[in-house]
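Structure assessment
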Amino acid sequence: MKRKRQPAEPYRIKSVEPIKLLPRHEREQKIVAANFNLFKLDATDIYIDLLTDSGTSAMSAKQWAALMLGDESYAGATACRNFERTVKDIFRKKFVVPCHQGRAAENMLFSVLETENKYVLNNTHFDTTKANVQHKHGFPVDLPCEDCLSPEPLRFKGNMNARALEEFIRKNGAAQISLVIMTVTNNSVGGQPVSMENIAEVSEVCHRHGLLFFLDCARFAENCFFIKRDEKGYAQKSIKDIAREMFEHCDGVMMSAKKDGLANIGGFIALNDENIYRKLTELMVIIEGFPTYGGLAGRDLEILSVGLEEVLDYDYLDFRIDQVKYFGEKLVAAGLPIVEPTGGHAVFIDAGKFLPHIPAEQFPGHTLAVELYREGGVRGVEIGTLMLGGNDAKTGQAYNAPRELVRLALPRRVYTNSHLDYVAEAAERVVSSKEQLSGYKIMRASNILRHFTCDLVPAAASKVTVR
């Protein structure tokens, strides 16, 4: 059924930032100069920036006020104690380790755990998580649920396959597994949520086998909203109560607070194991900062304390999830296939389905992302073989991603629905010329996280080299 109107923002705008659409010929010059890598474009070259929802939120009036209260003492600052109280209240853990962002949390956690030559299991690793495991000479393994690739709009497609987890443990032995992680929501499969039932089931399996179980909870509030809306028995519970129940099932969490912390920088690890906590703080002093600030300014910690509470507001979450759904509907109407149902932070376009004539090795997702920039000054990101493909650490054999996607991530409280209408109009123009699109090849790339810095050329003019 066609919706009657756009979702209305549950806030008023008090500050504005000008943005400018460059002429088409200038956009063409910019993308060529960037070697067809959207990460290498300057922000001033972008009109609508949907590259990521990480660190791109608009702060509230309360957060701006909190910034002025930041205590910048080196050790034991008031800002740190406020942050600790907030994290412990929501995430239900004894110890809190602040750090400057999520990948720093991953780096520290995998450094102090026994990761070398061991497996780290996940419903689906995202790029930096996978890279940090590999950097510590571990082996990342994805165990997504059987429904994750279904074209049907099923709920909780972000779940982990608990039966596959049991089988993996039986086959390889618990001693060969460093850690089990569930990413909520599951970014790599389309921002899909994880059910409380699945979290509890995976928790039971892990603890029965003596395995550590962590949640990667960058988008925890969005996941809790889906549980409240779609899982039996949770409709009358508050978002905070659902979050508390969710975190009671795990031994610890790591979070990029640049997402559901509604902040521009920050992250943390929270856990119950004192021995691991002490190892983390010892490492932190070397690489991040003193344990009470973890590489952040006091004002950043105060902003996070407010943001972690604001993100639990039902009205905010209801609008955000509905705005993503609205955006997905507009893109489908423009002729693009998307991952359905839409998740909490982004719309994922199925570029492999949209551009079947471009093979995975020539990155159909990246092709579509580049074309959206050319056509409308819109920046998204490929989540396909360019980002998630590579060579197996054990066999050296090349592999492709399960799907070729383009993620259009919505920064929190930043763009209006009119901006999204504009993106859909640009997408419609891309659809009209899709048969003329061709792929890309890598000219230069690093071995890890190649998509951030690689240089590409149109496939017809390529010569591949790897640094």
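**Some remarks on the sheet that holds strand β14 (residues 405–409)**
Spatial strand order, β9-β14-β11: 3 strands in an open sheet with antiparallel pairing. Taken across any chain shown, the strands that pair with only one partner, and hence form the sheet edges, are β9 (346–350) and β11 (381–383). Direction aside, neighbouring strands of the sheet carry axes that sit 35° apart on average. Across 3 bridges, β11 lies against β14 in antiparallel orientation. Along β14, the bridge assignment pairs E382 with V406. Contacts from helix α12 (residues 314–334) reach β9 and β14, with the element oriented near 25° to β9.

**Considering the pattern of salt bridges**
Considering all chains together, one arrives at 33 salt bridges under this definition. A salt bridge links D89 to R244, with the shortest nitrogen-to-oxygen separation between them at 2.4 Å. Here D89, found in helix α3 (residues 78–91), pairs with R244, found in helix α9 (residues 239–248); they are 155 residues apart in sequence, far enough to count as distant. Three or more residues joined by partner-sharing salt bridges are found here, namely D89, R92, K240, D241, R244, E248 and E309.

**Considering the nonpolar core**
Ranked by size, the top nonpolar core spans 63 residues in total, and within it F91, L165, V180, F220 and F247 carry the most contacts. Those residues within four positions of V180 in sequence are excluded, and the remaining contacts are L121, M160, L165, V202, C206, L211, L212, F213 and F214. Among the nonpolar cores identified, the runner-up in size contains 46 residues, and L50, L336, L355 and Y422 belong to it.

**Some words on the sheet that holds strand β7 (residues 252–256)**
Strand order in this open sheet of 7 strands is β2-β8-β7-β6-β5-β3-β4, and the pairing throughout is mixed. Here the strands that pair on one side only, and so sit at the sheet edges, are β2 (95–99) and β4 (139–142). The mean inter-strand angle of the sheet, taken between neighbouring strand axes irrespective of direction, is 20°. Pairing of strand β6 (residues 213–216) with β7, which is carried by 3 bridges, proceeds in the parallel orientation.

**Some words on the state of the cysteines**
Evaluation of the coordinates by the stated rule reveals 0 disulfides. Here C148 stays unpaired: no disulfide links it, and the sulfur of C145, its closest cysteine neighbor, is 5.4 Å away. Owing to a relative accessible area of 6%, C148 belongs among the buried residues under this scheme. C224 takes part in no disulfide bond, and the closest cysteine sulfur, belonging to C217, lies 9.4 Å away.

**Section: the layout of surface pockets**
Empty pockets left among the atoms are what a rolling probe the size of a water molecule brings to light. Empty space within the largest pocket amounts to approximately 1,400 Å³. Around the largest pocket, the lining is made up of 40 residues, and of these S15, S57, A58, R413 and V414 lie nearest the centre. Contributions of two or more residues to the lining of the largest pocket are made by β1 (48–49), α2 (61–67) and α12. Among the residues forming the lining of the largest pocket, the class breakdown is 19 nonpolar, 10 polar and 11 charged.

**Focus: the packing of helix α4 (residues 102–112) against helix α10 (residues 274–287)**
Interhelical geometry of α4 versus α10 gives an angle of 125° and a closest axis separation of 10 Å. Between α4 and α10, the crossing angle belongs to the class labelled oblique. Crossing of α4 against α10: the hand is right-handed. Side by side, α4 and α10 meet where M108, L109, S111 and V112 of the first sit next to I276, K279, L280, L283, M284 and I287 of the second. For the contact of α4 with α10, the per-class residue count stands at 8 nonpolar, 1 polar and 1 charged.

**A closer look at empty space enclosed by the protein**
Considering all chains together, one arrives at 2 cavities of 30 Å³ or more under this definition. Partitioned by chemical class, the residues of the lining of the largest cavity number 8 nonpolar, 4 polar and 1 charged. By volume, the second largest cavity is sized at about 40 Å³. For the second largest cavity, the full set of lining residues is Y11, Y316, F319, R320, Q323, P411, R412 and R413. Among the residues forming the lining of the second largest cavity, the class breakdown is 4 nonpolar, 1 polar and 3 charged.

**A look at α3**
Between the first and last C-alpha of α3 there are 20 Å, a value that for 14 residues agrees with the 20 Å anticipated at 1.5 Å per step. Taken together, the buried positions of α3 are A79, C80, F83, E84, T86, V87, I90 and F91. For α3, the arc enclosing every buried residue in end-on projection is 165°, short of the 170-degree limit, so these residues lie on one face. Among the structural elements, β2, α8 (220–230), α9, β7, β8 (267–271) and α11 (298–310) are those in contact with the buried residues of α3. Phi for R92, located one or two positions after α3, is positive at around 60°.

The rules behind the values
Residues numbered from 1 in each chain as written. Predicted model: local features only at pLDDT ≥ 70, side-chain atom pairs only at ≥ 80, totals over all residues. Heavy atoms only, no water. Pairing = 2+ DSSP bridges. Helix = DSSP H or I, 4+ residues; strand = E, 2+ residues; numbered from the N terminus. Axes fitted to C-alpha atoms, helices over the stretch in contact; angles between N-to-C directions. Contact = heavy atoms within 4.5 Å. Salt bridge = Lys/Arg side-chain N within 4 Å of Asp/Glu carboxyl O. Core = buried A, V, L, I, M, F, W, Y, C linked by side-chain atoms within 4.5 Å. Buried < 20%, exposed > 50% of the residue type's maximum accessible area, 1.4 Å probe, protein only. Disulfide = S-S within 2.5 Å. 1 Å grid on protein atoms, 1.4 Å probe; cavity = no way out; pocket = protein on both sides within 12 Å on 5 of 7 lines; lining within 4 Å. Points joined across faces, edges and corners; volume = space filled by probe spheres on them. Nonpolar A, V, L, I, M, F, W, Y, C, P; charged D, E, K, R; others polar. Parallel < 35°, antiparallel > 145°, perpendicular 65-115°, else oblique. Left-handed = near helix turned anticlockwise from the far one by under 90°. Expected span 1.5 Å × (residues − 1). Arc of directions from axis to C-beta.

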